[in-house]
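Listed below, chain by chain, are the residues.
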Amino acid sequence: MTEPNKRANLDLSGYQPAAGGIAARARASAAPAYLSGLNPEQREAVESLDGPVLVLAGAGTGKTRVLTTRIAHILSTGRARPAEILSVTFTNKAAREMKLRLGQMLGQAVEGMPWLGTFHSIGGRILRYHAELVQLTSNFTVLDTDDQIRLLKQLLAADNIDDKRWPARMLAGLIDGWKNRGLTPSQVPAGEAASFGNGRGGKLYAAYQERLKVLNAADFGDLLLENIRLFREHPDVLRQYQGRFKFILVDEYQDTNVAQYLWLRLLSQAPSQSSLPGSTRQSITSREDGSPGLDASRRPGDDDKASGGVQTTAPKNICCVGDDDQSIYGWRGAEVDNILRFDHDFPGAKVIRLERNYRSTGHILAAASHLIAHNEGRLGKTLRTEDVDGEMVTVTGAWDSEEEARGIGEEIEQLQRQGHKLNEIAILVRASFQMREFEDRFVTLGLPYRVIGGPRFYERAEIRDALAYLRVINSPADDLAFERIVNVPKRGLGDATVQMLHDHARKRKIPLFEAARLVIDTDEMKPKARSSLRGLIENFERWQVQRNALSHTELAEIVLDESGYTEMWQKDRSADAAGRLENLKELVRSMEEFENLQGFLEHISLVMDRDGAADEDAVSVMTLHSAKGLEFETVFLPGWEEGLFPHQRALDDQGRAGLEEERRLAHVGITRARRRAKLYFATNRRIHGTWNTTIPSRFLDELPQANVEITESKGGSGWGGMSGYGPSRFDNVESFGSSYSTPGWQRAQAQRGKNGGGGRSGGGGFSESSSPFSDRGASPGARRAPFTIEGELVAKSTGAESDFTLSDRVFHQKFGYGQVTKIDGNKLTIAFDKAGEKKVVDSFVQRV
DNA sequence: ATTCGAATATTTTTT
DNA sequence: ATATTCGAAT
């Protein structure tokens, strides 16, 4: 749907702020065209430009339209220029959509809003401008989850912590959580910090942050947390941004976490003049100093009365749009409280409710509303529609998950025969393992389908490997990247070598790459391994030079070729090797979108999402979470069983709050449907390989009978009753199609490979990823010469003079005792008593 | 150092 | 049931 030449639409270069005349005309006479067609609430949300505004926009009430129109309104009334509007979304998809619709609305009016993007991309962008102030350089690497965990593993190993008992994953989760709550290592409540690794959790977090600085890297959480730290420690920088952003718009406000809230809050204050230089800092930090308890950190707004009141500056024109009933990311730190307490956090806020739904028919809307009404702790909205009642929501029971898939497959075929588009049909599941059954079924039926949100393109091993090569070229200090590819393809550089490099690097406090460069001039390694390592280092040094002469895409091709990486897959006989090669090509192709290697690497981890070409007519299969914001004519919602939906784990971990979030998820699911919502439950489901008998979800009981129809329930009486669903009701398994020949995992795999990896137009391909910014040339990151780091490091490592002196008696782990005969910087030549004369690096020997 | 095999954990959701 | 991870064997 959203295809190529959007770039043209978005290239809004020649924009000039509208002259006052237009604004005046807009106010005086007929409203501008973009305002017509809005209902009164929407229009109020668009036109209330001054002061804080919270727009409670229920599902399908035109949220995006309001946001984009509001921006258009700000621009065309001349209240601000594009670069003065900060507009944050939660996902790249949402950001892209807003850009697209803005472009359509304004014609070619505006050169891309530079500050329209996700929290993370904007945070990262600001961070790159001021990287030095947070102990980074502007070409810092953004670590993904995988890098993060590998790094933590190393730290655990260094601390002799059993990573069986204390998995790195768990620590990563904890650290993530802390960062989501805006807590730096020193601010983590003592009790929580001690809960990991025999009380060493806090120390590990601190060590991790330190390592990140050394690696010149930031993880996702840092993009915000370090931003907050930057603003707090450098009020002048904060003021600069406060002054710049005349208007702030936030999408999906219910999904913001504490860190995002703090960030927004800092930015949303009017730039404080000289009167209160440290005020922002104090007002925010006072809380953490005061009470590090759980409650304090969970409720950032609590102290606002005290310190926020002291604040003399009025909050700026911030407009948050969200729906508390669609908050489904609590598990990852989102605070529904943020939206529930908005008027407390932003005094004098105007709250506007959008309750008119333009999407769904009466029955669907009624069912969804009735369901969500079971939640406490919501602001409460009453969605209404002027549409017809339409078809009732259906609930269908199946004997097991296979039958469920069969039944849905059949219904889809029937819809197809009736002329419905497959593109207008979606299957929304609670957990991704449910998708397999449908894929299996659709493969046998030959029904085109598209899986949305599976493993991401950049998470594929071959992509990560290729990126690692480029990362090392870009930033030789990137140890994680270096370690990833030292021995990929196999070069005979195994654990022993890596371990040795690590020891050396740690002792000298230099990156692995640098350590390797030194070691290859010594006799530290066996000749074979050494020449192999030397070859690799020389390759990298050559590529680093070539980088200046070649385009980044050419460079990538050369690197993949000369490193032997491509060859490795060409020789690989396994089934998916071809797909991987195809992916690599795709990667190179995608690089063309970026100005240079630097820019590519900067955005790749943030932007590389995939929403494959949607031109093929196919059923969409995805999780409920990834369905948020989408809509379909027909929505199938399988798996409404206790334990799966609501998910057991949500219940166990979060209790009542978890249940409410699950219910919101159910609400999101139903409200995706325009005309048909079809719920299913299976009496038997296979979980972890074993069959379990399940009971229907309590959510089914919470649906209003008047809008729901039970189907396929031959003789089924028990609707609405607690225990209405005995297995006996489903004895007649033949109700669905009979010829189910198990298609087998292989087939599904093959199909998946074809769809995903094979570069087909199916689901898996890498999208024409557009950068969230079209910062041609103007990019702050591109400004810095890429070699700064290298220069520093080289200087550091070669400049250090060894503190050994000639004829020192020394001991070496491998070669035994010997005497120093020559000193060259930090490289020593030593006559060993047994091993003869060897060159070694000084950090490997000790004086005796 | 690499490969193969067994044991083990993993499965909610994602920027 | 599957994928990943760890350990032992070659």
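All of these numbers come straight from a predicted model, not from anything done at the bench.

Another aspect to go through is the overall build of chain A. Counting its regular elements, chain A contains 36 helices and 21 strands. A burial count over chain A gives 58% of its 848 residues as buried. Across chain A, every contact between residues at least 6 apart in sequence was considered, and the portion connecting residues at least 24 apart equals 77%. With the model as given, the accessible surface of chain A reaches about 34,600 Å², and the carbon-plus-sulfur share is 50%.

Before going further, it helps to examine helix 29 (residues 577-591). Between its terminal C-alpha atoms helix 29 stretches 21 Å, which fits the 21 Å expected from 15 residues at 1.5 Å a residue. Where helix 29 is concerned, the buried positions are Ala577, Gly579, Arg580, Asn583, Leu584, Glu586, Leu587, Val588, Ser590 and Met591. Taken together, the buried residues of helix 29 touch helix 22 (461-474), helix 27 (552-562), helix 28 (565-571) and helix 30 (597-607).

What follows covers the confidence of the model for chain A. Per-residue pLDDT for chain A has a mean of 77; in total, 79% of the residues score no lower than 70. Between residues 274-312, whose pLDDT stays under 50, and residues either more than four places distant or in other chains, the model counts 58 contacts. Within the model, the stretch residues 713-800 combines pLDDT values under 50 with 161 contacts to residues more than four positions away or in other chains.

Here the focus is the packing of helix 3 (residues 40-47) against helix 4 (residues 63-76). Interhelical geometry of helix 3 versus helix 4 gives an angle of 45° and a closest axis separation of 8 Å. Taken together, the axis directions place helix 3 and helix 4 in an arrangement best described as oblique. Classified by chirality, the crossing of helix 4 by helix 3 is right-handed. For the pair formed by helix 3 and helix 4, the contact residues are Gln42, Ala45, Val46 and Glu47 on the first element and Val66, Thr69, Arg70 and His73 on the second.

Take the protein's contact with DNA strand B next. DNA strand B sits among 22 residues. The nearest are Arg430, Ser432, Arg456, Gly494 and Arg649. Counting only atoms of DNA strand B within 4 Å of the protein, the fraction found in sugar and phosphate groups is 59%. One nitrogen or oxygen atom from the main chain of Asp495 is found 3.3 Å from a phosphate oxygen belonging to DNA strand B. Contact distances for DNA strand B include 3.3 Å between a base oxygen and a side-chain N or O atom of His625. Elements with a contribution of two residues or more to the surface near DNA strand B: helix 24 (495-508) and helix 31 (624-627). Grouping the constituent residues of the surface near DNA strand B by class yields 5 nonpolar, 11 polar and 6 charged.

Turning to the packing of aromatic side chains, a few remarks are in order. The tally for this structure, following the rule as stated, stands at 25 aromatic pairs. Here the aromatic rings of Phe594 and Phe600 are separated by 5.4 Å at their centres, their planes lie at 75°, and the arrangement is edge-to-face. Using a relative accessible area of 6% as the deciding quantity, one classes Phe594 as buried. Relative to Tyr680, the ring of Phe636 has its centre 6.4 Å away and its plane inclined at 45°; by these criteria the two rings are tilted. Placement of the pair is Phe636 in strand 13 (residues 632-637) and Tyr680 in strand 14 (residues 673-687), with a sequence separation of 44 residues. In this pair, the class of Phe636 matches that of Tyr680, namely buried. Every member of this aromatic cluster is reached through a ring pair, and the members are Tyr469, Phe482, Phe513, Phe540, Trp543, Tyr565 and Trp569. Between the NZ or CZ atom of Arg265 and the centre of the ring of Phe346, over which it lies, the distance is 5.8 Å.

Okay, the sheet that holds strand 19 (residues 827-832) next. Read across the sheet, 5 strands follow the order 20-19-18-17-21 without closing on themselves; strand pairing throughout is antiparallel. The open sheet has two edge strands, strand 20 (836-841) and strand 21 (845-847), and neither has a second partner. Direction aside, the axes of adjacent strands within the sheet are offset by 40° on average. Across 6 bridges, the pairing between strand 19 and strand 20 is antiparallel. When the bridges of strand 20 are listed, Thr829 appears paired with Lys839.

Criteria and cut-off values
Residues numbered from 1 in each chain as written. Chains lettered and ligands numbered in written order. Predicted model: local features only at pLDDT ≥ 70, side-chain atom pairs only at ≥ 80, totals over all residues. Heavy atoms only, no water. Helix = DSSP H or I, 4+ residues; strand = E, 2+ residues; numbered from the N terminus. Buried < 20%, exposed > 50% of the residue type's maximum accessible area, 1.4 Å probe, protein only. Contact = heavy atoms within 4.5 Å. Areas by Shrake-Rupley, 256 points an atom, 1.4 Å probe, with all protein chains shown as cover. Expected span 1.5 Å × (residues − 1). pLDDT = per-residue confidence, 0-100. Axes fitted to C-alpha atoms, helices over the stretch in contact; angles between N-to-C directions. Parallel < 35°, antiparallel > 145°, perpendicular 65-115°, else oblique. Left-handed = near helix turned anticlockwise from the far one by under 90°. Near = heavy atom within 4 Å. Polar contact = N/O pair within 3.5 Å; in protein donor to acceptor, adjacent residues only side chain to side chain. Nonpolar A, V, L, I, M, F, W, Y, C, P; charged D, E, K, R; others polar. Phe/Tyr/Trp six-rings, centres within 6.5 Å; stacked < 30°, edge-to-face > 60°. Lys NZ or Arg CZ within 6 Å of the ring centre and 35° of its normal. Pairing = 2+ DSSP bridges.

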